[in-house]
Amino acid sequence: IMAIGFIIIATSLFAISYLSDLHLSVLILLLFLTRTGAAFIEITTESYFFKKVTEKDADMVSIFRISRPFSYVVGPLLGAITLIFFSYQQMFGVMALIMISGIFIVERITDTR
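Residues numbered from 1 in each chain as written. Predicted model: local features only at pLDDT ≥ 70, side-chain atom pairs only at ≥ 80, totals over all residues. Heavy atoms only, no water.

A.B. asks: I tried to follow the overall build of the protein chain on my own but got confused; where do I start?
C.D. replies: Broken down by element type, the protein chain carries four helices and zero strands. Along the protein chain, from the amino end to the carboxyl end, the secondary structure elements read α-α-α-α. Across its three principal directions, the C-alpha atoms of the protein chain cover 55 × 30 × 25 Å. Burial status across the protein chain gives 26% buried among its 113 residues. Accessible surface, the protein chain as shown: approximately 8,200 Å² in total, 72% of it carbon and sulfur. Distance from the positive charge centre (8 side chains) to the negative charge centre (8 side chains) of the protein chain: 3 Å. (Helix = DSSP H or I, 4+ residues; strand = E, 2+ residues; numbered from the N terminus. Buried < 20%, exposed > 50% of the residue type's maximum accessible area, 1.4 Å probe, protein only. Areas by Shrake-Rupley, 256 points an atom, 1.4 Å probe, with all protein chains shown as cover. Lys, Arg positive; Asp, Glu negative; His and termini not counted. Charge placed at Lys NZ, Arg CZ, Asp CG, Glu CD.)

A.B. asks: Explain the nonpolar core here, please?
C.D. replies: Ranked by size, the top nonpolar core spans 13 residues in total, and within it M2, F6, I9, L13, I41 and V106 carry the most contacts. For this core, the elements supplying multiple residues, two or more each, are α1 (2-18), α2 (24-52) and α4 (88-106). For M2, the contacting residues outside a window of four places in its chain are I41, T44, T45, V106 and I109. (Core = buried A, V, L, I, M, F, W, Y, C linked by side-chain atoms within 4.5 Å. Contact = heavy atoms within 4.5 Å.)

A.B. asks: Hey, could you run me through the side chain of S17 in this one?
C.D. replies: Take S17: it is sitting in helix α1. The buried category is assigned to S17, whose relative accessible area is 11%. Within the structure, the side chain of S17 is placed 2.9 Å from the backbone oxygen of F14, a separation counted as a polar contact. Leaving out residues up to four positions away in the same chain, S17 has contacts with Q89, F92 and G93. (Polar contact = N/O pair within 3.5 Å; in protein donor to acceptor, adjacent residues only side chain to side chain.)

A.B. asks: Hey, could you run me through the layout of surface pockets in this one?
C.D. replies: Empty space among the atoms becomes visible once a probe the size of a water molecule is rolled across them. Counted as a void, the largest pocket has a volume near 1,200 Å³. In terms of lining, the largest pocket is formed by 29 residues, of which the most central are F6, S71, G75, I98 and M99. Looking at the lining of the largest pocket, the element that brings in the most residues is helix α3 (residues 58-85), giving eleven residues. Per-class residue counts for the lining of the largest pocket are 17 nonpolar, seven polar and five charged. (1 Å grid on protein atoms, 1.4 Å probe; cavity = no way out; pocket = protein on both sides within 12 Å on 5 of 7 lines; lining within 4 Å. Points joined across faces, edges and corners; volume = space filled by probe spheres on them. Nonpolar A, V, L, I, M, F, W, Y, C, P; charged D, E, K, R; others polar.)

A.B. asks: Quick question: what am I supposed to make of a nonpolar patch on the surface here?
C.D. replies: A surface patch of nonpolar side chains, amounting to about 560 Å² of accessible area, comprises L78, I81, I84, F85 and F86. Mapped onto the elements of the fold, F86 is located in the loop between α3 and α4. Of the residues examined, F86 reaches a relative accessible area of 37% and is grouped as partly exposed. (Patch = residues over 30% accessible without salt bridge, like charges linked within 9 Å, V, L, I, M, F, W, Y side chains within 5 Å. Salt bridge = Lys/Arg side-chain N within 4 Å of Asp/Glu carboxyl O.)

A.B. asks: For this particular structure, what's the right way to read the packing of aromatic side chains?
C.D. replies: Given two aromatic rings, their pairing is described by the distance between the two centres and the angle made by the two planes. The final tally for this structure, using the stated rule, is five aromatic pairs. Ring plane angle 20° and centroid distance 5.9 Å describe the contact between F14 and Y18, whose orientation is recorded as stacked. Here Y18 and F14 lie together in helix α1, a separation of four residues that amounts to about one turn. The exposure class of F14 is partly exposed, given its relative accessible area of 22%. Ring plane angle 85° and centroid distance 5.5 Å describe the contact between Y88 and F92, whose orientation is recorded as edge-to-face. (Phe/Tyr/Trp six-rings, centres within 6.5 Å; stacked < 30°, edge-to-face > 60°.)

Here it is in structure tokens:
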């Protein structure tokens, strides 16, 4: 499910970057799809993490919990740096490439059924 989330995000971001003059309803749909893919990723990340940690891993839980607020700082900084080198529309393509790299990382995760 996590890989499906990355695929949904990557395809909708590529669509945003390659389709010019998007109608507002199409843009709303594509942005909704990115949030849907992100929800898939977030749900599966949380469930996988808490299946793997034990009561001895309290430090890992703290690091896991602080990583999301840290990403709220790092993400916009990387976005600002990306805007120096790429146009606003091309930036969506760069984000899609980053999401595609997430698919390859997910493939190495073992299923915990």
